[in-house]
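Structural features, examined
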Amino acid sequence: MLLALSVLAVGIPVFVQAASPLEYQGADRGDKLLAAATKEDTLTLYTAFRPEDLPKIIGPFEKKYGIKVKFWRSGSDNVTQRVLTEASGKHYDVDVIMMPAQDMEAIRREKILQPAYSPYQKDLIANSVPAHREWTPVLMNVVVQAYNPGAIKKEDLPKSYQDLLDPKWKGKLGIEAKAEEWYTTVARNQSGGEQKGVKMFYDMVGQNGMSVRQGMSLLHNLVLAREVPLALTMYVDLAEKSKRAGRPIDWFVLDPAVAEGFNIGIAQQAPHPNAALLFYDYMLSPDTQKTLASLFYYPASSKVANPYPDLQDNIKFVDPVYTVDNFDKWSKSYQDVVTKRAK
């Protein structure tokens, strides 16, 4: 294999040369992996992880293992485009990729990723690790509803999406411009099926308008500023962090809460496969999962205390395979029903 030959060529311990790369499960796996990763000395990460929290994840890894992490951070569309462009040009710099589940599934289909085993995969949320093991969730991006308490009283909050058809919400609603996965999941899980769910959104936008904004961070800031009194799409960690900091925002859940995996994978042509696998283990380990929870993310590990225990029974997980298979249909629906008609 090309990967095994490249490892041999530079004199690195040949830990990664099994018939199925990165899937070795022997009793000496940990020692062999650490030795090989230490020899590689560095790895390159492409990610859409929150920029303010990325150093809090990378720093402890570098300190613990003495392995330098070179990273490039951008939005998931840009990460996807860069990965695909480099692969098509046979330019292999990236070792590890972390971004939302549907984007990871899309690049998997382009044969960008390779299977990987970690002893921590067994601790993750049930059924969250696919049989191919080419990507694995690190955390769950849970989408909730956020509001400014200075603009909306808690007792006046809607109890369902149907309540948002009330004229009192005219001019008060906001949404993220690329929330197709959330829209799909909510519409498909409405009583009466997806057609009724799509009509509900159609009527909501037609009757009460919708402020469409690019990026959750921008939408979050507009809620703080009262420019968008109620955001239908907000990552729970963004709202929770600001709430705990005493800023004018709170959040609630309209059934269902929607969660999408934020996944990690190792590039098929990773120049530093062992360092990549060590980082992969690190991200799934109990210590790092606890760190993610302390930063108010929803951890992928079921062995770590979740900062949102009340959400666990009310979540619908986005199916990345369905999302990619049906992306054109639902992307067009979201544009036709919401973004193009927004006022």
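Residues numbered from 1 in each chain as written. Predicted model: local features only at pLDDT ≥ 70, side-chain atom pairs only at ≥ 80, totals over all residues. Heavy atoms only, no water.

**Structural notes on the pairing of strand S1 (residues 42-47)**
When you tally the buried positions in S1, you get six out of six residues, the bulk of the element. Residues Thr42, Thr44 and Tyr46 of S1 are buried on one face, and the alternating residues Leu43, Leu45 and Thr47, pointing to the opposite face, are buried as well. Direction of pairing for S1 relative to strand S2 (residues 68-73): parallel, over a ladder of six bridges. Within S2, the position partnered with leucine 45 by the bridge is phenylalanine 71. The parallel pair S1 and S2 is bridged by helix H3 (residues 54-65), and the resulting crossover is right-handed. Pairing of S1 with strand S3 (residues 96-100), which is carried by three bridges, proceeds in the parallel orientation. Looking at the pairing, leucine 45 lines up with valine 96 of S3. (Buried < 20%, exposed > 50% of the residue type's maximum accessible area, 1.4 Å probe, protein only. Helix = DSSP H or I, 4+ residues; strand = E, 2+ residues; numbered from the N terminus. Pairing = 2+ DSSP bridges. Right-handed = clockwise from strand over helix to strand, strands pointing away.)

**Topic: helix H8 (residues 216-224)**
Listed in full, the buried residues belonging to H8 are Met216, Leu219, His220, Leu222, Val223 and Leu224. Those residues of H8 that are buried lie in contact with strand S5 (136-147), strand S6 (173-176), strand S7 (211-213), strand S8 (230-235) and helix H9 (236-244). (Contact = heavy atoms within 4.5 Å.)

**Comments concerning the side chain of asparagine 208**
Examined against the element boundaries, asparagine 208 turns out to sit in helix H7 (residues 194-208). With relative accessibility at 3%, the residue asparagine 208 sits in the buried group. At 2.7 Å, the side chain of asparagine 208 forms a polar contact with the backbone oxygen of leucine 164. Ignoring sequence-local partners within four residues, the contact set of asparagine 208 consists of Leu164, Leu165, Asp166, Pro167, Trp169, Lys170 and Gly171. (Polar contact = N/O pair within 3.5 Å; in protein donor to acceptor, adjacent residues only side chain to side chain.)

**A short note on the pattern of salt bridges**
Applying the stated criterion across every chain, the model contains 20 salt bridges. Measuring nitrogen to oxygen at the nearest pair gives 2.7 Å for the salt bridge that ties arginine 29 to aspartate 281. Of this pair, arginine 29 sits in helix H2 (residues 29-40) while aspartate 281 sits in helix H10 (residues 273-284), placing them 252 residues apart in sequence. Residue arginine 29 shares its accessibility class with aspartate 281, and that shared class is buried. The shortest N-O distance in the salt bridge between arginine 50 and aspartate 237 comes to 2.7 Å. Note that arginine 50 is positioned in the loop between S1 and H3 and aspartate 237 in helix H9, a separation of 187 residues in sequence. (Salt bridge = Lys/Arg side-chain N within 4 Å of Asp/Glu carboxyl O.)

**Observations concerning unusual backbone geometry**
Of the consecutive residues aspartate 255 and proline 256, the connecting peptide bond is found in the cis state with omega at 5°. Looking at the element boundaries, proline 256 is found in the loop between strand S9 (250-252) and strand S10 (257-267). A positive phi angle, near 55°, is found at arginine 133, a position not held by glycine.

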